[in-house]
2 protein chains.
Amino acid sequence: MTTVSIIGSGNVAFHLISAFKKAANVELIQVCARNSKNIEKLVDPSQIVSFPKALNPVDIVILAISDDAIASVSESVPEHCGIVAHTSGSMPITELSAKHRRAVFYPLQTFSAAKALDFASIPICLESEFPEDYSKITELARTISNANYSINSFQRKALHVAAVFVNNFVNEMYQIGYEICGENQIPFAILQPLILETAEKLKTLTPPEAQTGPAKRRDQKTITTHLEFLQNENKKRLYEIMTKSIQSHAEKL
Amino acid sequence: MTTVSIIGSGNVAFHLISAFKKAANVELIQVCARNSKNIEKLVDPSQIVSFPKALNPVDIVILAISDDAIASVSESVPEHCGIVAHTSGSMPITELSAKHRRAVFYPLQTFSAAKALDFASIPICLESEFPEDYSKITELARTISNANYSINSFQRKALHVAAVFVNNFVNEMYQIGYEICGENQIPFAILQPLILETAEKLKTLTPPEAQTGPAKRRDQKTITTHLEFLQNENKKRLYEIMTKSIQSHAEKL
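Quick caveat, the model's predicted, so the values are computed rather than measured. (Residues numbered from 1 in each chain as written. Chains lettered and ligands numbered in written order. Predicted model: local features only at pLDDT ≥ 70, side-chain atom pairs only at ≥ 80, totals over all residues. Heavy atoms only, no water.)

1. Describing the overall build of chain A
Then, in step 1: Counting its secondary structure elements, chain A contains 9 helices and 8 strands.
Then, in step 2: Dimensions of chain A, computed from C-alpha atoms along their principal axes, come out at roughly 65 × 40 × 30 Å.
Then, in step 3: Looking at chain A as a whole, 60% of its 253 residues qualify as buried.
Then, in step 4: In chain A, the proportion of contacts linking residues at least 24 apart, taken out of those at least 6 apart, comes to 53%.
Then, in step 5: Counting every atom, chain A has about 10600 Å² of accessible surface; 51% of that belongs to carbon and sulfur.
Then, in step 6: In chain A, 25 positive and 26 negative side-chain charges are present, and the distance between their average locations comes to 3 Å. (Helix = DSSP H or I, 4+ residues; strand = E, 2+ residues; numbered from the N terminus. Buried < 20%, exposed > 50% of the residue type's maximum accessible area, 1.4 Å probe, protein only. Contact = heavy atoms within 4.5 Å. Areas by Shrake-Rupley, 256 points an atom, 1.4 Å probe, with all protein chains shown as cover. Lys, Arg positive; Asp, Glu negative; His and termini not counted. Charge placed at Lys NZ, Arg CZ, Asp CG, Glu CD.)

2. Considerations on the relation of the copies chain A and chain B
Then, in step 1: When chain A is fitted to chain B, the residual RMSD is 0.0 Å, and the transformation amounts to a turn of 180° plus an axial shift of 0.0 Å. This pairing of chains is accounted for by a two-fold axis. Every residue of chain A has its C-alpha some distance from the rotation axis, and the shortest such distance is that of Val170(A), at 2.6 Å. (Least-squares fit on C-alpha atoms with pLDDT ≥ 70 in both.)

3. Focus: the nonpolar core
Then, in step 1: In this structure, Phe165(A), Leu191(A), Phe165(B) and Leu191(B) are the most contacted members of the largest nonpolar core, which totals 84 residues.
Then, in step 2: In this structure, Leu191(B) is in contact with Leu108(A), Leu159(A), Ala162(A), Ala163(A), Val166(A), Gly177(B) and Cys181(B), ignoring residues within four places of it in sequence. (Core = buried A, V, L, I, M, F, W, Y, C linked by side-chain atoms within 4.5 Å.)

4. A closer look at the state of the cysteines
Then, in step 1: In this structure the tally under the stated criterion is 0 disulfides over all chains.
Then, in step 2: Free of any disulfide, Cys81(B) has its nearest neighbouring cysteine sulfur in Cys32(B), separated by 9.9 Å.
Then, in step 3: A relative accessible area of 1% places Cys81(B) in the buried class.
Then, in step 4: In this model Cys181(B) remains outside any disulfide bridge; the closest cysteine sulfur is found in Cys125(A), 9.8 Å from its own.
Then, in step 5: The class for Cys181(B) is buried, based on a relative accessible area of 1%. (Disulfide = S-S within 2.5 Å.)

5. Some remarks on the environment of Thr110(A)
Then, in step 1: Residue placement: Thr110(A) occurs in the loop between strand S6 (102-107) and strand S7 (124-128).
Then, in step 2: Each C-alpha atom of the pair Thr110(A) and Val12(A) lies 8.9 Å from the other, and the pair is 98 residues apart in sequence.
Then, in step 3: Non-local contacts of Thr110(A), meaning those with residues more than four positions away in its chain, are made with Leu117(A), Asn167(A), Leu194(B), Glu197(B), Thr198(B), Lys201(B) and Thr212(B).

6. What about the pattern of salt bridges?
Then, in step 1: Scanning the entire structure with this criterion turns up 16 salt bridges over all chains.
Then, in step 2: A salt bridge links Lys221(B) to Asp68(A); the nearest nitrogen and oxygen atoms lie 3.7 Å apart. Separated into two different chains, Lys221(B) in helix H8 (residues 220-229) and Asp68(A) in the loop between strand S4 (60-63) and helix H2 (70-76) make up a pair that spans both.
Then, in step 3: Look at the salt bridges and you will find they share partners, linking Arg101(A), Glu132(A) and Asp133(A) into a network. (Salt bridge = Lys/Arg side-chain N within 4 Å of Asp/Glu carboxyl O.)

7. Describing the packing of helix H1 (residues 11-22) of chain A against helix H3 (residues 131-144) of chain A
Residues and elements named next belong to chain A.
Then, in step 1: It is the contact of H1 with H3, at a shortest axis distance of 8 Å, that shows an interaxial angle of 85°. Viewed along their axes, H1 and H3 adopt a mutual orientation that is roughly perpendicular. On H3, the residues that touch Leu16, Ala19 and Phe20 of H1 are Leu140, Thr143 and Ile144.
Then, in step 2: Of the residues belonging to the contact of H1 with H3, the class tally is 5 nonpolar, 1 polar and no charged. (Axes fitted to C-alpha atoms, helices over the stretch in contact; angles between N-to-C directions. Parallel < 35°, antiparallel > 145°, perpendicular 65-115°, else oblique. Nonpolar A, V, L, I, M, F, W, Y, C, P; charged D, E, K, R; others polar.)

8. Comments concerning the packing of aromatic side chains
The geometry of two aromatic rings is summed up by the distance between their centres and the angle between their planes.
All names here are of chain A.
Then, in step 1: Applying the stated criterion across every chain, the model contains 12 aromatic pairs over all chains.
Then, in step 2: Between phenylalanine 165 and phenylalanine 169, the aromatic rings sit 5.0 Å apart at their centres with planes inclined by 80°, giving edge-to-face as the arrangement. With phenylalanine 165 and phenylalanine 169 both in helix H4 (residues 153-183) and 4 residues apart, this pair spans about one turn of that helix.
Then, in step 3: Taking the relative accessible area as the measure of exposure, phenylalanine 169 reaches 0% and is therefore buried. (Phe/Tyr/Trp six-rings, centres within 6.5 Å; stacked < 30°, edge-to-face > 60°.)

9. Notes on the confidence of the model for chain A
Then, in step 1: With 96% of its residues at a pLDDT of 70 or more, chain A has an overall mean of 93.
Then, in step 2: Per the prediction output, this complex has pTM 0.85; the corresponding ipTM is 0.86. (pLDDT = per-residue confidence, 0-100.)

10. Side note on the packing of helix H8 (residues 220-229) of chain A against helix H4 (residues 153-183) of chain B
Then, in step 1: Where H8(A) meets H4(B), the closest approach of the two axes is 10 Å, and the angle between their N-to-C directions is 105°. In terms of axis orientation, H8(A) runs roughly perpendicular to H4(B). Residues Thr222(A), Thr225(A), His226(A) and Phe229(A) of H8(A) pack against Phe154(B), Lys157(B), Ala158(B), His160(B), Val161(B) and Val164(B) of H4(B).
Then, in step 2: Among the residues making up the contact of H8(A) with H4(B), the classes are represented as 5 nonpolar, 4 polar and 1 charged.

11. Topic: the side chain of Thr198(B)
Then, in step 1: As for its position among the elements, Thr198(B) is in helix H5 (residues 192-200).
Then, in step 2: On the accessibility criterion, Thr198(B) (2% relative accessible area) is buried.
Then, in step 3: Only 3.3 Å separates the side chain of Thr198(B) from the side chain of Asn167(A), close enough to count as a polar contact.
Then, in step 4: Residue contacts for Thr198(B): discarding those within four places in its chain leaves Thr110(A), Val166(A), Asn167(A), Val170(A) and Tyr174(A). (Polar contact = N/O pair within 3.5 Å; in protein donor to acceptor, adjacent residues only side chain to side chain.)

12. Observations regarding the sheet that holds S7(A)
Residue and element names in this part refer to chain A.
Then, in step 1: The strand order S3-S2-S1-S4-S5-S6-S7-S8 describes an open sheet built from 8 strands, whose pairing is mixed. The two strands at the open ends of the sheet, each matched to only one other strand, are strand S3 (48-49) and strand S8 (148-150).
Then, in step 2: Both S4 and strand S5 (residues 83-86) contribute to a ladder of 4 bridges, which runs parallel. Looking at the pairing, isoleucine 60 lines up with isoleucine 83 of S5.
Then, in step 3: Those strands touched by H1 are strand S1 (2-7), strand S2 (26-32), S4 and S6, and its axis lies near 160° from that of S1.
Then, in step 4: Strand contacts of H3: S1, S2, S4, S5, S6, S7 and S8, with the helix running at about 160° to S7, the strand carrying the most contacts. (Pairing = 2+ DSSP bridges.)

Here it is as structure tokens:
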């Protein structure tokens with residue numbers, strides 16, 4: 001049985017608390033949150049504290065807070081409170097106060113409060129300062145997920161950048177498709193199967209193998225028609241840049 | 001029972017032939033292909049012809065060929081051969097020879113020969129010159145798909161542009177994530193759940209609702225760290241442009 005406390009009440013904290021509560025072999029001891037509104041339905045009021053200094057010793061304290069707050073909040077967690085792990089994709093393990101046994105517990109997923117998540121398939125990227133702590137955080141990760149990876153701070157930064165491309169920037173492409181549909185009285189639902197298939201293709205093909213379309217085919221006639229169609233300067237510029245990017249990759253194949 | 005013949009032997013032709021062969025209430029009569037290698041396993045040799053003039057009358061002749069060839073190939077299909085429909089996302093219905101009853105039968109999906117497809121959920125965008133032909137092409141579409149939409153030529157062009165954004169350009173974002181993983185000894189599989197979740201989110205959220213990340217949060221510290229991390233000029237420029245695009249949308253919310 002691993003004991004764990006969580007600092008934070010945002011989307012990541014919310015989903016971690018939900019997952020730990022449902023999991024076996026882990027006990028959620030306390031949640032530290034300045035604003036506890038988000039989590040009041042999840043946690044008994046007696047378990048909620050307002051300040052890190054009120055945290056009792058546990059195996060692992062997880063900081064699910066904004067990057068900027070990691071240094072100061074970890075400093076205010078009492079010494080010998082347990083392994084202290086942050087959940088940030090972009091911060092090195094050394095962002096945590098050096099008075100603790102430090103670790104990283106980074107679930108690589110997009111968290112919206114509005115949408116339920118099945119944690120089982122979410123990869124959790126783990127890092128620890130001391131080898132003996134690695135097995136403890138692995139044990140904790142296994143209570144909620146089947147996919148655990150050892151990822152050092154430099155790799156995690158790379159992964160976070162990659163995640164911005166395949167998540168935030170992909171969603172921005174969806175946004176542009178959504179706008180084009182809206183402007184032309186086309187139900188966005190018509191694009192849904194294509195969107196899903198584009199993502200699911202990667203189960204069997206690499207991105208270069210999966211690529212199709214006018215840019216890859218160098219179908220200049222279609223590319224010109226599309227650029228003429230796009231009146232908005234931002235969309236036009238994106239179309240040109242993405243087309244060139246695809247073509248520069250296609251050259252290397 | 002609808003009778004249909006197909007001109008073409010590329011990916012779209014291949015998947016349409018496979019789907020019609022499995023479907024009820026439709027009979028595939030002939031396939032016209034200059035290069036029949038792709039389809040020899042699917043169709044009896046006696047059904048394959050090399051030239052459009054060898055096609056017998058059917059209810060609907062489908063041209064699954066490149067955009068550039070639609071005008072000339074449709075011209076060489078004998079008159080009164082049936083309704084003649086093209087499968088192009090970017091060409092107007094008038095690209096077909098005016099000697100025919102013209103229609104469009106555009107399956108909105110990404111077709112790779114390497115990957116099997118379930119046609120049932122693929123939206124088919126339909127257009128006809130004459131209202132009485134619309135019911136015939138709808139009947140044909142229903143034999144293979146549950147999702148049929150009436151989409152005129154202008155809307156279809158818009159849809160094709162939108163599809164390039166949510167498919168080709170999204171896949172290019174996957175490609176960049178794939179490269180960043182490769183350069184840092186990170187298994188690409190670690191990004192797969194995030195990629196799927198990003199696509200599946202759209203079942204319950206609109207793209208603006210689904211957006212997260214440093215650009216949306218205007219987390220300049222992380223954005224700067226990411227730009228410093230990206231050594232490649234193309235990736236750096238894309239990161240900047242996509243970040244600005246997300247922020248310009250976030251302003252409008």
